[in-house]
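# Coordinate analysis (summary)
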Amino acid sequence: MKKLITTVLLGCTLIANAQQNQNTKMDRFIDDLMSKMTIEEKIGQLNLPGSGDIVTGQAKNSDIAGKIKKGLVGGLFNIKGVEKIKDVQRVAVEQSRLGIPLIFGMDVIHGYETVFPIPLGLSCSWDMDAVEKSARIAAIEASADGICWTFSPMVDISRDPRWGRVSEGNGEDPYLGGQIAKAMVRGYQGVGDKTFTTNNQIMSCVKHYALYGAGEAGRDYNTVDMSRQRMYNEYFYPYQAAVDAGVGSVMASFNEVDGVPATGNKWLMTDVLRKQWGFNGFVVTDFTGINEMVDHGIGDLQTVSARALRAGIDMDMVGEGFLTTLKKSLDEGKITEADINRACRLILEAKYKLGLFTDPYKYCDVSRVKKEVYTPEHRALARKIASESFVLLKNENVLPLSKKGTIAVVGPLGNTRENMPGTWSVAADFNKATTVVDGLKAVVGNKANVVYAKGSNLTTDPVLEQRATLFGRDLQRDGRTEEELRNEALQIAKNADVIIATLGESSEYSGESSSRSEIGIPDIQQRLLKELLKTGKPVVLVLFTGRPLTLTWENENVPAILNVWFGGTEAAYAIGDVLFGDVNPSGKLTTTFPQNVGQIPLYYNHKNTGRPLADGKWFEKFRSNYLDVSNDPLYPFGFGLSYSNFDYSDVKLSSTQIDANGELTASVTVTNKSKVDGAEVVQLYIRDVVGSVTRPVKELKGFEKVFIKAGESKTVNFKITPQMLKFYDYDLNFVFEPGDFDVMIGGNSRDVKNARFTLK
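Only a predicted model underlies this, so the values are computations on that prediction, with no experimental measurement involved. (Residues numbered from 1 in each chain as written. Predicted model: local features only at pLDDT ≥ 70, side-chain atom pairs only at ≥ 80, totals over all residues. Heavy atoms only, no water.)

## Here we look at the overall build of the protein
Defined as follows: For helices the rule is a DSSP run of H or I covering at least 4 residues; for strands it is a run of E covering at least 2, with both sets numbered from the N terminus onward. In this treatment the radius of gyration is a C-alpha quantity, and the globule benchmark scales as 2.2 Å times the residue count to the 0.38 power. Only protein chains enter the accessibility calculation, which uses a 1.4 Å probe; a residue is then buried when its area is under 20% of its type maximum, exposed when over 50%, and partly exposed in between. Contact between two residues is taken to exist if any of their heavy atoms lie within 4.5 Å; hydrogens are not considered. Only the protein chains shown count as cover for residues, and all accessible areas are computed by the Shrake-Rupley method using a 1.4 Å probe. Only four residue types enter the tally: Lys and Arg on the positive side, Asp and Glu on the negative side, with His and both chain ends excluded. Think of each charge as sitting on NZ of Lys, CZ of Arg, CG of Asp or CD of Glu.
Helix and strand counts for the protein stand at 22 helices and 27 strands. Its C-alpha radius of gyration of 27 Å places the protein within 12% of the 27 Å reference for a compact globule of 760 residues. Taking the principal axes of its C-alpha atoms as reference, the protein extends roughly 80 × 70 × 60 Å. In the protein, which comprises 760 residues, the share counted as buried stands at 60%. Long-range pairs, those at least 24 residues apart, make up 79% of the contacts in the protein between residues at least 6 apart in sequence. Here the protein displays about 29,000 Å² of accessible surface, and carbon together with sulfur accounts for 49% of that area. Across the protein, the centroid of the 88 positively charged side chains sits 3 Å from that of the 92 negatively charged ones.

Rendered as structure tokens:
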């Protein structure tokens, strides 16, 4: 044993020494390079302009090319195509004075050409292996096409589904968001913040730091105001988890924090991110984030640019405030050369770690594209993961469907390729996506007849529909009247054995700058759904959405509801897999679905008031409740049905007491009481019953996705340690406090079995 320990310690020492040697070598290289750079060239490394005007052949002649030749550009983003990227990189390496390579980024948010479910949907798989694999495939494909940097993962916690960008995040829970953040960083980078050894590892960028998902009124880019205790206990963890996983870069958010825009907030960017969390990568603004501080009322462009640099911002995306004002601010003594050197060094370190100084064309192997992008293997995994992300919200013995008879697909989302990948799928080739109709036909083969009618437009208002179908996601608005479209759909529905209603949002109905004040299924679609139900035929609502919707009427009246989010390029096949029972749905919600908009914000890990409403009650005078609706959600966090039926035993604790150095095990036995094999996400929640500050009614502290055969039982064990019980107290000390703790285990945050232990 002693020999084994010695060997392990020696191995760790060798690894640490090798890393130190690598860092020393990098430092010497960058010291030498920076000694040759002018102030203008150093500032140029901090400049990340847009690149939408660059196509092959223009790289040598465009305005951007002129700046690259002068050493005034550090990187570019959202150029698609390895040939174009190689052409631009050649200008930087072969035609600028010092030949410093560019870094090329892209919004590779949930896949490249093989598109996976939108992040909110992906989070509902609760499968960290699947999450990491999706990022790994995205990295392989993006790097094959010249990209070495992605603006992902987006880990903003949001409790307001009116905010459109809830679609890009992982829901409302910080613990789950943190686990997903770590899995995504591992998938993209592979080796964390060390040198990127292969050409299929890309640098990730966690965003939007910080608190972006808590904007007032659910309106994008809006003001955020919260206590620091809430920041640390409820919103910061996913960003910190990404830093702990070695994320290479961080993107600043648009919103203000403590009255100062994040882009100019020194406490946020330096005191917390670097000093408390130990982040050693670079920080980039979001699109024109520095310039936008002018409208926030912080100062003119020169003032806000200097403030951003002093705060800890290293790279300016698009705005060129750094490029055009920092030299003047330096001359006037408003910033120091040390400020510029710090930011420049961090950008150069990122390029060094990526291996671009050794080989500027490392990510420009043009032979990789045909072999590694949108491959059958990648598509197969995307189909499997999409089916894991779907959440069965209701099923009154309708699903799974039989592959027989006539199946009517009705609805504006049933015959569109462009909307299947979902928002922020900038690299997707829409022609490669499949419509629901074609996907179902492929799944049923010649066993059933699949017919289609649009039934309605997306919305009654053509202007609203135009806003919700930007970026090539047009649904080809039908000029017929609402009655004509509906009658056509009813005609095919009457001759069908089952109706699949493909309704909900278009892909750009959620996402950036797609906030909604009402979050139900659009009125014209709901009227169509009501008429379909009147036919008396079984109706399955296949719901497309990038956010929680208010579905109270649908839940009361539609016999089966399958939420498919936007499942990516292979979504149509995955929908067929689940509808016909080839795959048993296992997705669980990562956001609470409200009964109506008036309940927002509504989330499971809330705190009690001094006058809480008793369990099971709707209304009690002088208690915290509504006159017109219960406090309950329509669907709670963690909820999701299956074709299986899972039964939970009581919770067993290995001990009812632990001390500061101890641990205990909480166990539950889950039995599949159906005739269908299935997977269940077993969820562990803990409540700190009494604290020095108020504590949530429950907090997710663990989960395990287990596959259980029909009739089989499995025991799931969760280890509980004092470390899991820590929180930030009034003085922001990270502590655990003695006392009683409730343990809750179940299939969602509402339906749980309970036990209690005491921390001595």
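Next comes the rest of the description.
## Observations regarding the domain arrangement of the protein
What counts here: Where a domain begins and ends is set by an automatic assignment or by a domain database.
According to the domain assignment, the protein contains domain 1 (382-580) and domain 2 (644-759). In this structure, domain 1 and domain 2 have C-alpha centres spaced 37 Å apart.

## Here's the deal with the pattern of salt bridges
In a structure, side chains of opposite charge can pair up when their charged atoms sit close to one another. Spelled out, the test is: Throughout this description, the term salt bridge denotes a Lys or Arg side-chain nitrogen within 4 Å of a carboxyl oxygen of Asp or Glu.
Taken as a whole and assessed by the stated rule, the structure comprises 53 salt bridges. Through salt bridges with shared partners, a single ionic network connects Glu-482, Arg-486, Asp-523 and Arg-527.

## So, the packing of aromatic side chains
Here a ring pair, both rings aromatic, is described through the centre-centre distance and the interplanar angle of the planes. This is how it is decided: Any pair of Phe, Tyr and Trp rings, taking the six-membered ring for Trp, is counted once the centres come within 6.5 Å. Such a pair is stacked with planes under 30 degrees apart, edge-to-face with planes over 60 apart, and tilted for the rest.
Tallied over the entire structure, the rule returns 28 aromatic pairs. With a centroid separation of 5.1 Å and an interplanar angle of 85°, the aromatic rings of Trp-163 and Tyr-212 are classed as edge-to-face. Taken together, the residues Trp-163 in the loop between β4 (149-150) and α7 (174-189) and Tyr-212 in the loop between β5 (203-209) and α8 (228-235) connect sequence positions 49 residues apart. Each member of the pair, Trp-163 as well as Tyr-212, is classed as buried. Summarising the aromatic geometry, the rings of Phe-544 and Phe-566 are spaced 5.9 Å apart at their centres and angled 45° between planes, so their arrangement reads as tilted.

## Section: the sheet that holds strand β3 (residues 103-106)
Heads up, the rule is: Should DSSP find at least two bridges between two strands, the strands are regarded as paired. Interaxial angles span 0 to 180 degrees and are taken between N-to-C directions of axes, which are lines fitted to C-alpha atoms, for helices over the stretch in contact.
Strand order in the open sheet formed by six strands is β2-β3-β4-β5-β6-β9, with parallel pairing between adjacent strands. In the strand order of this sheet, the two ends are held by β2 (75-77) and β9 (282-284), each with one partner. In terms of strand pairing, β5 meets strand β6 (residues 249-252) through three bridges, oriented parallel. Note on β6: the bridge partner recorded for Tyr-209 is Ala-252. Here helix α14 (residues 337-354) sits on the sheet and contacts β3, β5 and β9; the angle it forms with β9, its principal contact strand, is near 110°.

## Observations regarding the environment of Asp-331
As for its placement among the helices and strands, Asp-331 is situated in helix α13 (residues 321-331). Linking Asp-331 and Phe-736, residues 405 residues apart in sequence, is a C-alpha distance of 50 Å.

## Some details on the environment of Met-251
Relative to the assigned elements, Met-251 resides in strand β6. What makes Met-251 buried here is its relative accessible area of 2%. Along the primary structure Met-251 and Met-154 are separated by 97 residues, whereas in three dimensions their C-alpha atoms are 9.4 Å apart. Those residues in contact with Met-251, other than ones at most four positions away along the chain, are Phe-151, Cys-205, Val-206, Lys-207, His-208, Tyr-209, Val-284, Thr-285, Asp-286 and Met-317.

## Observations regarding the UniProt feature "domain: Fibronectin type III-like" (unreviewed entry) in the protein
Under the convention used in this document: UniProt positions are given in the numbering used here, feature names are shortened, and annotations may be inferred rather than shown by experiment.
Under the present numbering, the feature "domain: Fibronectin type III-like" (unreviewed entry) in UniProt falls on residues 680-749. Each end of residues 680-749 is marked by a C-alpha atom, and these two atoms are 14 Å apart; helix forms 0% of the span and strand 56%.

## Some points on the nonpolar core
Note the threshold: Each nonpolar core is a collection of buried residues, namely Ala, Val, Leu, Ile, Met, Phe, Trp, Tyr and Cys, held together in the definition by side-chain atoms within 4.5 Å.
Core analysis: the largest hydrophobic core is formed by 125 residues, its most contacted members being Trp-149, Tyr-209 and Phe-236. Three or more residues apiece are contributed to this core by two domains, here domain 1 (382-580) and domain 2 (644-759). Counting residues in each nonpolar core, the second largest holds 75 residues, with Val-398, Val-409, Leu-503 and Phe-580 among its members.

## Here's the deal with the side chain of Lys-588
The test is simple: We define a polar contact as two N or O atoms separated by no more than 3.5 Å, with the added condition that, inside protein, one atom must be a possible hydrogen donor and the other a possible acceptor, whereas residues neighbouring each other in sequence contribute only through side-chain atom pairs.
On the secondary structure map, Lys-588 appears in the loop between α22 (571-579) and β17 (646-648). Judged by relative accessible area, which is 4%, Lys-588 ranks as buried. In this structure the side chain of Lys-588 is engaged in a polar contact, spanning 3.2 Å, whose partner is the backbone oxygen of Gly-640. If near-sequence neighbours (up to four positions away) are discounted, Lys-588 is found in contact with Cys-124, Trp-126, Val-391, Gly-638, Phe-639, Gly-640, Glu-680, Val-681, Gln-683 and Gly-747.

## Digging into the pairing of strand β26 (residues 739-746)
Remember that side chains alternate between the two faces of the sheet whenever the strand is regular. In terms of burial, β26 is a largely internal element, six of the eight residues being buried. Across six bridges, the pairing between strand β21 (residues 678-688) and β26 is antiparallel. Residue pairing across strands places Arg-687 opposite Asp-742, the latter belonging to β26. The pairing of β26 with strand β27 (residues 752-759) spans eight bridges and is antiparallel.

## Some points on the packing of α7 against helix α9 (residues 237-244)
This is how the line gets drawn: Angular relationships are summarised with four words: roughly parallel below 35 degrees, roughly antiparallel beyond 145, roughly perpendicular across 65 to 115, and oblique for the angles in between. The crossing is said to be left-handed when, going from far helix to near helix, the turn is anticlockwise and less than a right angle, and right-handed when the turn is clockwise. Ten residues, namely Ala, Val, Leu, Ile, Met, Phe, Trp, Tyr, Cys and Pro, are considered nonpolar, four, namely Asp, Glu, Lys and Arg, are considered charged, and the remaining ones, Gly among them, are considered polar.
Running from N to C, α7 and α9 point in directions that differ by 30°, and their axes come no closer than 8 Å. Classified by the angle between their axes, α7 and α9 sit roughly parallel to one another. Between α7 and α9 lies a crossing of right-handed hand. Of the residues in α9, those in contact with Pro-174, Tyr-175, Gly-177, Gly-178, Gln-179, Ala-181, Lys-182 and Val-185 of α7 are Tyr-237, Pro-238, Ala-241 and Ala-242. A breakdown of the residues in the contact of α7 with α9 according to their chemical character gives eight nonpolar, three polar and one charged.

## Considering the environment of Thr-590
Its place among the elements puts Thr-590 in the loop between α22 and β17. Residue Thr-590 is classed as buried on the basis of its relative accessible area of 1%. Between the alpha carbons of Thr-590 and Thr-324 there is a distance of 44 Å; along the sequence they are 266 residues apart. Residues in contact with Thr-590, not counting those within four places in the same chain, are Leu-120, Ser-123, Cys-124, Trp-126, Asn-170, Gly-171, Glu-172, Leu-176 and Phe-637. A distance of 2.8 Å separates the side chain of Thr-590 from the side chain of Ser-123, its partner in a polar contact.

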